[in-house]
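# Coordinate inspection notes
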Amino acid sequence: MEEFKKLGLSKRTISVLEKKGFKKPTSIQVKGIPLLLDGKKDVVGQSQTGTGKTAVFALPILERIKEHSKTIQAIILTPTRELAIQVATEINSLKGDRNIKVLSVYGGTPIEVQRQKLRAGIDIVVGTPGRIMDLQRRRSLILDKIQYAVLDEADEMLNMGFVDDIESILQHTPKDKTMLLFSATMPKPILRIAERYMRDYEFIEVEQAQIITNTVKQIYYDINSRDKIAGLKRIIDATVDFHGIVFCNTKATVDNLALQLTKLKYQASALHGDITQGQREKILQQFRKRTIKVLVATDVAARGIDVNDLTHVINFSLPQSPELYVHRIGRTGRAGKTGIAITFVSPSERRMLSYVERVNKCKLIKQELPSIKDIIESKKAEIKIIIKKIIEGNSTKYLEFAEELLKEYPPTEVVSAVLKYSLKDELDVNSYKDLSAAIEIQKPRRRSDRNRPQRNNRHRDARRPRRNNNRR
Ligand code: ADP
Ligand code: MG
C-alpha cells in the first residue's frame with residue numbers, strides 16, 4: 001500500500017483500494033495519478049488493455065470533485081455500452097463512502113429512464129457518444145459545468161467512426177476543464193484530437209514490450225491452414241478447464257469456426273459485430289460463468305470484454321496489424337496473473353509474424369502442438385481427479401448396482417466397461433486427426449500478396465465509419 005500512498009492519494013481512497021485487494025499500482029497508475037491529482041495539465045495516456053487505466057482517471061476525479069453537487073462534474077466517453085457499464089461499475093467500486101452518483105448511459109435502452117435519473121442529480125456520467133448526444137439534444141444532459149472530460153479507449157471510438165460525435169459533444173463543454181484521453185494505441189488522428197481539444201498536455205505511456213513479456217507467455221505453432229481446427233482441438237483438449245478467446249479476422253471465419261467447434265461438442269460461441277446487443281450480453285454472461293468455454297471473436301467484438309482468469313488467448317490467424325496483436329493478447333495475463341497466448345502461423349503468415357515481433361519488440365516462442373498421447377494423458381489425469389472427488393463424496397447412489405455387477409464379473413472388467421459406457425469415444429486416439437507431416441513451403445511472394453502487412457490498417461478503417469449496435 002505504501003506505493004499507493006506515495007502517489008498522493010488520500011487515506012480514504014487507500015482504504016478502498018485495500019478492501020478491493022489492490023496491492024500495488026500498475027506502471028501507468030504510477031505515472032498518471034500524481035499528474036492528475038496535481039491537475040495542472042491535461043493527460044494523454046497510452047498503455048495496453050488491462051493495465052488499470054480506469055483507476056488512473058477515476059481515482060483523481062473522485063478525489064477532486066465535490067460530493068453530491070447536483071450538477072454533472074465529469075463525463076466519460078466510451079466506445080461501447082459494455083465498456084460504459086464496466087467503467088461505471090469500476091468507479092462505483094472505487095468511490096468508497098463518498099456521496100457521488102455515477103450513471104452509465106447508452107443506446108438500446110429506454111432513454112426516459114436515463115433522463116429521469118439525470119434529473120435526480122448525477123455527478124459522473126459514463127456513456128457512448130451516440131446516446132450522450134441524444135441526451136444533450138433533449139437538454140437532459142448539461143455539460144457546461146463539468147471539470148473533467150475523459151475519452152476512454154479513444155482509438156476504438158475512432159475506429160467506430162465516433163470522431164464527429166465526440167467533437168460535437170466537446171463543443172458544449174467549458175474550455176477550462178481538464179481533459180483526459182486514454183488509448184491502447186495512438187494513431188495519428190487521435191493525437192490530432194488531443195492537439196485540437198486539449199490544453200497543454202502531458203503524454204504518458206508504458207512500453208508495450210515490457211507489459212507483454214511480463215505476464216503473457218507467447219507461443220506460436222507452425223501449422224498448415226487446413227490443420228488449424230484440428231490443432232485447436234488439441235490445445236483445448238490438452239488443457240484442464242480451457243477457458244479462452246479464439247481470434248479470427250473476419251465474421252465469416254468466426255461463424256464457421258464456432259459452428260465447427262459446436263459440432264465437435266465444445267461449448268463454443270461466436271461473437272462479432274452482427275450479433276445483437278442483447279445476444280452479446282447473454283453470450284458474455286455465459287462466458288463469464290464458464291458455460292461457454294470457447295469464445296470465437298473478431299477484434300472489434302472482443303473489445304471491452306473484461307473476463308479475468310482466461311487460460312488462453314488464441315490467434316487462429318494473425319491479426320492484420322501489430323497493434324491488434326497486442327490488444328488480443330492483452331485479454332489474458334491481466335492484473336499480474338500469467339496467461340498464455342498462442343498463435344497459429346501458416347506458411348503464408350510467417351512474414352506477418354516477423355513484422356508483429358519487430359514492431360512490438362516481442363519474441364514468440366515456437367512450440368510443437370500437444371501430441372495425441374499427451375492429450376490422452378492429460379484427459380486421464382482430469383478424469384482421475386473427477387473420480388477421486390466422487391469417491392470422496394461418499395455417494396451411495398450406485399453401491400448396490402456396483403455390488404451386483406461385481407458378483408458377476410471381475411473388477412477390472414467391470415471398471416473398464418463402465419468407463420467405456422461413460423466416456424464413449426472420449427479417449428479414442430482415432431478421434432484426433434493426424435496433422436500434415438510437412439508444413440507447406442510458401443511460394444515466392446508477389447507484389448499482389450494479400451497478406452502483406454499493412455501498417456495503416458487502423459487508420460484506413462477509421463475513414464470508413466462503421467455503424468455499430470450501440471449507436472442508435
Ligand atoms: P484498462 O482500462 O487499462 O484496460 P482496467 O482499468 O479495465 O484496465 O483494469 C483491468 C482490471 O485490473 C480491473 O479488474 C481492475 O479492477 C484491475 N486493476 C486495476 N488496477 C489494479 C491494481 N493496481 N492492482 C490490481 N488490480 C488492478
Ligand atoms: Mg479501459
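Residues numbered from 1 in each chain as written. Chains lettered and ligands numbered in written order. Predicted model: local features only at pLDDT ≥ 70, side-chain atom pairs only at ≥ 80, totals over all residues. Heavy atoms only, no water.

Another aspect to go through is the packing of aromatic side chains. Any aromatic ring pair is given by two values, namely how distant the centres are and how the planes are angled relative to each other. Tallying each qualifying case throughout the model produces 3 aromatic pairs. Ring geometry for Phe-57 and Phe-182: centres 5.4 Å apart, planes at 40 degrees, overall tilted. Of this pair, Phe-57 sits in helix α4 (residues 53-64) while Phe-182 sits in strand β6 (residues 178-183), and the two are 125 residues apart along the sequence. Under the relative-accessibility criterion, Phe-182 is labelled buried at 0%. Measuring from ring centre to ring centre gives 5.9 Å for Phe-316 and Phe-344, while their planes differ by 65 degrees; the resulting arrangement is edge-to-face. With Phe-316 in the loop between β12 (312-315) and α16 (322-329) and Phe-344 in strand β13 (residues 339-345), this pair connects stretches of sequence that are 28 residues apart. The pair formed by Phe-316 and Phe-344 is uniform in burial state, with each residue classed as buried. Clustering of aromatic rings is evident, with ring pairs tying together Tyr-221, Phe-316 and Phe-344. Above the ring of Phe-316, the side-chain terminus of Lys-228 is found at 5.8 Å from the ring centroid. (Phe/Tyr/Trp six-rings, centres within 6.5 Å; stacked < 30°, edge-to-face > 60°. Helix = DSSP H or I, 4+ residues; strand = E, 2+ residues; numbered from the N terminus. Buried < 20%, exposed > 50% of the residue type's maximum accessible area, 1.4 Å probe, protein only. Lys NZ or Arg CZ within 6 Å of the ring centre and 35° of its normal.)

This part covers the site of ligand 1. Neighbouring ligand 1 are 17 residues; Lys-24, Gln-29, Gly-50, Thr-54 and Glu-90 lie closest to it. One of the backbone nitrogen or oxygen atoms of Thr-51 is found 3.1 Å away from an oxygen atom of ligand 1. Between Lys-53 and ligand 1, the recorded distance is 2.9 Å, taken from a side-chain N or O atom to an oxygen atom. Here ligand 1 has 570 Å² of accessible area as a free molecule, and 86% of this is covered by the chains. (Near = heavy atom within 4 Å. Polar contact = N/O pair within 3.5 Å; in protein donor to acceptor, adjacent residues only side chain to side chain. Areas by Shrake-Rupley, 256 points an atom, 1.4 Å probe, with all protein chains shown as cover.)

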